[in-house]
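Residue-level structural notes
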Amino acid sequence: MKRRWLLYALMIGFTLLVITRFSGLQQLTATLARGLWYWILLSLALHMLYFGIYGGMYVLGFRVVGVKTTLAQAIPVYFASLFVNSVAPLGGTGGAAVFVDNSIRRGESGARTSVGLLLVLASDLITLWPFLAYSVWYLIQQNLFKFYSVLGVAIYVIFTGLLLAALIAARRSARRLASLLGFIRRLTNNIGERLGRAELLDEDWVRRNVQDMSSASQAIFTRPMPLAKLVATGLVLHVVNVVGLYFLFLAFHQPVSMGVLVAGFSIGIVYWVISIIPQAIGAVEGIMGLIFTSAGISGPEAAAVIVAFRGMNYWIPLVVGFFASQRIPAFTRTRDREVGG
């Protein structure tokens, strides 16, 4: 019953989100109506391929750390996690919790799943670096590398470095990892006490998770081929996204050079990652608009491309995730069994 109430709460959140973003949805519909339908359909197809590839990254990332899953299992959970992050933004933790809960229900380790999620995120961010390096070079050559780009790239690189440091620390120092998990346990149990539920995480939780997370982190560095496949998939992921953006330029009769295309895309993704605003609404559109218009693209055409691109990236996972969440056990029934994770 409690799980059903959680689903109802998310449905209410979805309804409110659609209402509050209704003008944006209307703008998206009107914008798409102006473009050439065949290029828009091709871009839409590539966006769906993008989401499928991202689901494949979870399969590969989990395989590296010893968590079994299939593409058919991963994609619905991935969409449900995107939906949860949109409706109930909690710094991405809500979507991660959906993955962890689903793994535990299938008898897999929640700790290993957490490391796998961290690995997938790190792979996604690191594989953007070649596109970002090219963008920085291009913007410098064109004298367009402004303060907002410098700041965004610097924060992005630092954030990626911290993710890598976390993976390395989990491998090298079990003691530091135990201290971190001990702090998480105390914080969680304090919250639980205030909600009338004592000791949500028992004393053995730290030991179990240190062992699982340490062995999962070790696996990352001892399985080069699966890791290489994950990184290669991340590169393909970004290529598909860039090509989808390029098709939208064609849809609105706007020529664009490779440098402008990749720079707008890369810096836009940077601000998508580092923004504290849920889904970076407004931040990404503003940054991409600045880069495109400063490179000579007219405002109306740049706005049309950005609205269409962001609309596909925002509304597709939101709508698909809404239906996917109704088929995820985390929101539909109680645990069949408790598995330590």
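Residues numbered from 1 in each chain as written. Predicted model: local features only at pLDDT ≥ 70, side-chain atom pairs only at ≥ 80, totals over all residues. Heavy atoms only, no water.

**What about the overall build of the protein?**
Per the secondary structure count, the protein includes 15 helices and zero strands. Here the protein holds 341 residues, and 48% of them are scored as buried. When contacts within the protein are restricted to residue pairs at least 6 apart in sequence, those whose partners lie at least 24 apart make up 79%. Here the protein has roughly 16,500 Å² of accessible surface; of this, 66% comes from carbon and sulfur atoms. (Helix = DSSP H or I, 4+ residues; strand = E, 2+ residues; numbered from the N terminus. Buried < 20%, exposed > 50% of the residue type's maximum accessible area, 1.4 Å probe, protein only. Contact = heavy atoms within 4.5 Å. Areas by Shrake-Rupley, 256 points an atom, 1.4 Å probe, with all protein chains shown as cover.)

**Re the environment of K146**
Within the secondary structure, K146 is located in the loop between α7 (129–141) and α8 (147–172). Note on K146: relative accessible area 38%, which makes it partly exposed. In sequence terms K146 and I291 are 145 residues apart; their C-alpha atoms lie 9.4 Å from each other.

**Let's talk about the side chain of T113**
In this fold, T113 is placed in helix α6 (residues 110–126). A polar side-chain atom of T113 sits 2.8 Å from the main-chain carbonyl oxygen of S109. (Polar contact = N/O pair within 3.5 Å; in protein donor to acceptor, adjacent residues only side chain to side chain.)

**Description of helix α13 (residues 283–294)**
A rise of 1.5 Å per residue sets the reference length of α13, with its 12 residues, at 16 Å; its end C-alpha atoms lie 17 Å apart and thus fit the reference within 8%. Turning to α13, its buried residues number three or more, namely V284, I287, M288, G289, I291 and F292. Following α13 by one or two positions, G296 has its phi on the positive side, about 105°. (Expected span 1.5 Å × (residues − 1).)

**Remarks on the packing of aromatic side chains**
One pass over the structure, following the stated rule, counts 17 aromatic pairs. With 6.0 Å between their ring centres and 50° between their planes, Y38 and W39 make a pair best called tilted. With relative accessibility at 23%, the residue W39 sits in the partly exposed group. An angle of 75° between the planes, with centres 5.3 Å apart, marks the rings of Y50 and F51 as edge-to-face. We note that Y50, like F51, is buried. Through successive ring pairs, a cluster of aromatic residues spans Y50, F51, Y54, Y58, F62, Y78, F79 and F99. The side chain of R310 reaches across the aromatic face of W272, ending 4.6 Å from its centre. (Phe/Tyr/Trp six-rings, centres within 6.5 Å; stacked < 30°, edge-to-face > 60°. Lys NZ or Arg CZ within 6 Å of the ring centre and 35° of its normal.)

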